[in-house]
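These are the residues of each chain, in order.
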Amino acid sequence: MSADQLAAGVLDTLDMFGVAFALPEQLATARDAAAAVEGLPPADGVTSVAILGMGGSGIGGDVCAAVAGPRCPVPIVVSKHYECPGFVGPDTLVIAVSFSGGTEETIAAATAAREAGARLVVVAAGGELARLAAEWGVPHVPVDASIPMPRAGIGAVSIPLLVLLERLGLADGLSEQVDAAIAQLEVRREQLRVPGNPAERLAARIGRTLPLVYGGGPLGEAAAWRWKGQFNENPKVPSWSNRIPELTHNELAGWAQHGDVTRQVFTLLFLRHDFEHPNVGRRFEFVAAACDEVVSDIHTVRAEGDGPLAQLMDLVMQGDLVTLHLAAQSGVDPGPIAVLDDLKRWLRG
């Protein structure tokens with residue numbers, strides 16, 4: 001947050017701005033924590049990887065699959081359900097991720113994975129899942145419990161997965177990607193700290209319209225899903241995401257009607273990176289031309305950095321700051337999420 005914002009008394013009770021700017025250090029801490037864990041299961045004979053997690057913890061699986069998937073000789077499946085995937089068994093590496101350690105869906109799926117004989121690793125700050133890890137005698141990667149919210153801990157829940165895969169010999173070159181991501185985030189942080197920075201300006205342009213976020217390929221899809229969730233939880237606004245090329249086989253057709261309404265309501269955000277298939281770029285161009293008259297505006301955000309992880313995390317930081325500035329400009333506290341707390345109490349009741 002800039003000095004001008006602090007002086008203006010921006011409502012941010014959990015210092016979400018400060019946490020967003022500390023993302024490079026968060027990646028480094030998570031890398032070191034995962035590198036220090038002992039007793040990892042053997043990788044010989046592993047035929048699949050399943051990552052279990054929800055919400056701000058589950059996004060770590062999306063990041064891992066997008067970055068490590070092309071380098072991993074076995075499939076990486078991200079599961080966000082109570083149920084454990086049916087293929088999970090003794091030859092499956094299962095990483096159960098819960099920032100709080102209390103996510104009931106993840107606990108249920110991890111318990112089922114344990115019963116199926118999977119090779120299990122837990123990533124959690126504590127809670128029931130950490131307790132179960134100790135009871136089961138499986139490795140536990142600790143998460144920095146000082147991070148105020150799961151969505152503020154994307155580095156803490158994604159970097160350990162990459163480090164674990166590399167340590168087990170299931171992917172290579174990931175440590176170098178983590179280092180490159182940290183370097184890029186340090187550069188981007190300085191650009192986004194100045195008054196009138198690109199994130200602040202983009203938030204003002206979005207204003208009271210509803211953001212639709214489109215990303216290209218696996219990296220863009222993960223970034224778009226992250227932006228969508230951050231719009232939901234930081235400024236508390238409706239938002240949706242999709243990915244190219246898939247949306248050009250269905251959603252694109254839905255812009256043919258009601259343009260007089262949609263152009264008053266929606267802003268399109270294109271998240272671009274250097275690792276798109278060439279035809280993904282061409283499809284972005286077509287979507288822009290097709291939607292130009294039926295949305296309020298179209299904005300393109302481009303990633304920078306050396307490697308897929310650096311560019312994905314670069315988009316993450318930019319999105320986090322856009323959504324935080326939108327919250328500040330709307331007078332909304334980005335930290336608390338009352339409706340989700342209400343849901344948890346309702347489920348317990």
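Note that the coordinates shown come from a computational prediction; the quantities given were computed from them, not determined experimentally.

A.B. asks: I tried to follow unusual backbone geometry on my own but got confused; where do I start?
C.D. replies: Backbone phi values are negative for most residues with the exception of glycine, while trans is the configuration of most peptide bonds. Ile244 connects to Pro245 through a cis peptide bond whose omega is 20°. Tracing the backbone through its elements, the reader meets Pro245 in the loop between strand S7 (240–244) and helix H11 (259–265). Even without being a glycine, Lys236 presents a positive backbone phi close to 60°. You can see Lys236 is positioned in the loop between helix H10 (217–233) and S7.

A.B. asks: Teacher, can you tell me more about empty space enclosed by the protein here?
C.D. replies: Space left empty within the atom packing is revealed by a probe, the size of a water molecule, rolled over the atoms. In the structure shown here, the tally under the stated rule is one cavity of 30 Å³ or more. One number sums up the size of the largest cavity: a volume of about 90 Å³. Around the largest cavity sit 13 residues that line it, and Met16, Ala20, Ala152, Arg226 and Asp320 are the ones nearest its centre. Mapped by element, the contributors of at least two residues to the lining of the largest cavity are helix H2 (16–21), helix H3 (23–36), H10 and helix H13 (308–330). Per-element tally for the lining of the largest cavity: the top contributor is H2, with three residues.

A.B. asks: Looking at this structure, how should I read the side chain of Arg119?
C.D. replies: Locating Arg119 in the fold gives a position in strand S4 (residues 119–124). Among the polar contacts made by the side chain of Arg119, one reaches the main-chain carbonyl oxygen of Pro90 at a distance of 2.9 Å. Apart from the residues lying within four places of it in its own chain, the contact partners of Arg119 are Pro41, Pro42, Ala43, Asp44, Gly45, Val46, Pro90, Asp91, Thr92, Leu93 and Val94.

A.B. asks: Got a minute to help me understand the packing of helix H7 (residues 154–167) against helix H8 (residues 174–193) in this structure?
C.D. replies: Packed helix pairs are characterised by how far apart their axes lie and by the angle those axes make with each other. Running from N to C, H7 and H8 cross one another at 155°; their axes reach a closest spacing of 9 Å. Here H7 is positioned roughly antiparallel relative to H8, judged by the angle of their axes. Listed contacts from H8 to Ile159, Leu162, Leu165 and Glu166 of H7 are Leu174, Ser175, Glu176 and Val178. Here the residues of the contact of H7 with H8 are counted per class, giving five nonpolar, one polar and two charged.

A.B. asks: I would appreciate a short explanation of the sheet that holds strand S9 (residues 297–302) in the present structure.
C.D. replies: Sheet strands line up and pair through hydrogen bonds in the backbone, either parallel or antiparallel. Strand order in the open sheet formed by four strands is S7-S6-S8-S9, and the pairing between neighbours is parallel. Every interior strand has two partners, whereas the edge strands, S7 and S9, have only one. Looking at each pair of strands side by side, their axes are set apart by 25° on average, direction ignored. Bridge analysis of strand S6 (residues 210–216) against S7 gives five bridges, and the strand direction is parallel. Residue pairing across strands places Val213 opposite Ser241, the latter belonging to S7. Of the strands in this sheet, S6, S7, strand S8 (266–272) and S9 are in contact with helix H12 (residues 278–291), which crosses S8 at around 165°.

A.B. asks: Help me understand H10, please; the structure alone is not making it clear to me.
C.D. replies: Note: α-helices contain 3.6 residues per turn, so residues at a spacing of three or four share the same orientation. A rise of 1.5 Å per residue sets the reference length of H10, with its 17 residues, at 24 Å; its end C-alpha atoms lie 24 Å apart and thus fit the reference within 8%. Of all 17 residues in H10, 13 are buried, a share of seventy percent or more.

A.B. asks: Looking at this model, I keep getting lost on the sheet that holds S4. Mind explaining?
C.D. replies: A sheet is described by the order of its strands in space; here five strands give the open sequence S2-S1-S3-S4-S5, paired in parallel fashion. In this open sheet, the two edge strands, each paired with only one partner strand, are strand S2 (76–79) and strand S5 (140–142). The mean inter-strand angle of the sheet, taken between neighbouring strand axes irrespective of direction, is 15°. Alignment of strand S3 (residues 92–98) against S4, held across six bridges, turns out to be parallel. Each bridged residue has a counterpart across the sheet, and for Ala96 the counterpart in S4 is Val122. Packed onto the sheet, H7 meets strand S1 (48–52), S2, S3, S4 and S5 and runs at close to 160° relative to S3.

Conventions adopted
- Residues numbered from 1 in each chain as written.
- Predicted model: local features only at pLDDT ≥ 70, side-chain atom pairs only at ≥ 80, totals over all residues.
- Heavy atoms only, no water.
- Helix = DSSP H or I, 4+ residues; strand = E, 2+ residues; numbered from the N terminus.
- 1 Å grid on protein atoms, 1.4 Å probe; cavity = no way out; pocket = protein on both sides within 12 Å on 5 of 7 lines; lining within 4 Å.
- Points joined across faces, edges and corners; volume = space filled by probe spheres on them.
- Polar contact = N/O pair within 3.5 Å; in protein donor to acceptor, adjacent residues only side chain to side chain.
- Contact = heavy atoms within 4.5 Å.
- Axes fitted to C-alpha atoms, helices over the stretch in contact; angles between N-to-C directions.
- Parallel < 35°, antiparallel > 145°, perpendicular 65-115°, else oblique.
- Nonpolar A, V, L, I, M, F, W, Y, C, P; charged D, E, K, R; others polar.
- Pairing = 2+ DSSP bridges.
- Expected span 1.5 Å × (residues − 1).
- Buried < 20%, exposed > 50% of the residue type's maximum accessible area, 1.4 Å probe, protein only.

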